[in-house]
Amino acid sequence: MKGTFLATAVRKALEAIGTPSAGQTVVVGLSGGADSVALTEAIASLGVGRGFRVVAAHLDHGLRPESTDDAGFCRVLSHRLGVPIRTGAADVRGRAKRDRCGLEDAARVERYAFLEAIRQEEGGAAIAVAHTRDDQAETFLMRLLRGAGSAGLSAMRPRNGFVVRPLLQVSRDQVLDHLRRRGLTWREDPTNRDLSLLRNRVRHELLPYLESRFNPRLRAALSRTAGLLADEADVMGAMGDDLFARAIGARGDSAVLSLSALRAAPGAVARLAVRRALAAAGGLRGISGLHVDKILSVASSKDPSSRRLPLPGNREAVFSFRELRFGPRSGPVRPQRLHVVSSAQEARA
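Residues numbered from 1 in each chain as written. Predicted model: local features only at pLDDT ≥ 70, side-chain atom pairs only at ≥ 80, totals over all residues. Heavy atoms only, no water.

K.L.:
For this particular structure, what's the right way to read the pairing of strand β2 (residues 53-60)?
P.N.:
Remember that side chains alternate between the two faces of the sheet whenever the strand is regular. Burial within β2 is extensive, with 7 of its 8 residues counted as buried. For the handedness criterion, the β-α-β arrangement of strand β1 (residues 25-29), helix α2 (residues 34-50) and β2 is classed as right-handed. The pairing of β2 with strand β3 (residues 85-89) spans 5 bridges and is parallel. Considered in β3, the bridge of A57 is made with R86. (Buried < 20%, exposed > 50% of the residue type's maximum accessible area, 1.4 Å probe, protein only. Helix = DSSP H or I, 4+ residues; strand = E, 2+ residues; numbered from the N terminus. Right-handed = clockwise from strand over helix to strand, strands pointing away. Pairing = 2+ DSSP bridges.)

Below, the structure is given as structure tokens:
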């Protein structure tokens, strides 16, 4: 059977990251949508020739009455492709309520937790997900609209831990071409047309407008820009990690930075070191560029000693003569007003 652009792209993408090899197992996220169907078929075909095992994994998010039909479709498809399938269900609405977040965020958390659980149970070397070049462009614009910095604008990586994305150089049209030539059908999720969701407004309104008025090849351009920023973010991130390591680093459930080292570092590196310290001391959930800028502002002041700043997650930043400690809140802290900053400042965080 004649190869397609998508099949070649998947093969090259997996070769570039060296996973999976013969004898290993790869778990593929299969929603039933066009992208995941094409990815599952391409990886299953590649696995036959390369000697690795493929396991499909489908999670019912429980957000639509017809979602159980998606699971049935995925079972039939997996049988046709000759790969085993693992299925599960999640209470996404419950997760959103508990975490006080949107349904999209809750669904993403549940989905990746499910995929990781299956990977561990199956002894998988990787989790393959079906994000395409179009998804990359949408993610870039969404983060740009929120004022992200270079790390955020680098968007999705070809590999992040066990998660691999072999379709990042493949367009939606190329996905559909692959499906047509392979005689494959797929399920359409009606929520993809819900314009109350930001991603859908970007997909159906913003991107088409920008393409028609400014650059017909915008998706490719944004994907390329995300890749360039990813390379730069990796360099800056390594510098931030180095500063964090040199400026004392982790200490129990806290993280400590040397004020003198922080002040001597370039602003971008200091900002990354603060984020690295916050990640080590409870994670970055709830942390925005406003928090980071406030911390750096106090750190650079003439006498920050004894200052304490409250942080999300019942944490605080405590300044002493030589050090800045991030850790659990030790007592009542007088709330500090976070001054509004410009979008340019926020984007640097």
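K.L.:
I tried to follow the pairing of strand β8 (residues 254-258) on my own but got confused; where do I start?
P.N.:
Of all 5 residues that make up β8, 5 are buried, and the element is covered over most of its length. Taken together, the 4 bridges between β8 and strand β11 (residues 323-328) define a ladder with antiparallel strand orientation. Considered in β11, the bridge of L257 is made with L324.

K.L.:
Quick question: what am I supposed to make of the packing of aromatic side chains here?
P.N.:
Aromatic ring pairs are defined here through the distance separating the ring centres and the angle between the ring planes. Summed over all chains, the structure comprises 1 aromatic pair. Where Y209 meets F214, the ring centres are 6.3 Å apart and the plane angle is 65°; that geometry is what we call edge-to-face. On the basis of relative accessibility, which here comes to 62%, the residue F214 falls in the exposed class. Stacked on the ring of F162, the Lys or Arg R119 has its end atom at 3.5 Å from the ring centre. (Phe/Tyr/Trp six-rings, centres within 6.5 Å; stacked < 30°, edge-to-face > 60°. Lys NZ or Arg CZ within 6 Å of the ring centre and 35° of its normal.)

K.L.:
Which parts of the structure should I look at to understand the sheet that holds β2?
P.N.:
Note: strands within a sheet are paired through backbone hydrogen bonds, in either parallel or antiparallel orientation. The strand order across the open sheet built from 6 strands is β3-β2-β1-β4-β6-β5, with neighbouring strands paired in mixed fashion. The strands lining the two open edges of the sheet, one partner per strand, are β3 and β5 (159-160). Note: β1 against strand β4 (residues 126-128), 3 bridges, orientation parallel. Looking at the pairing, V28 lines up with A128 of β4.

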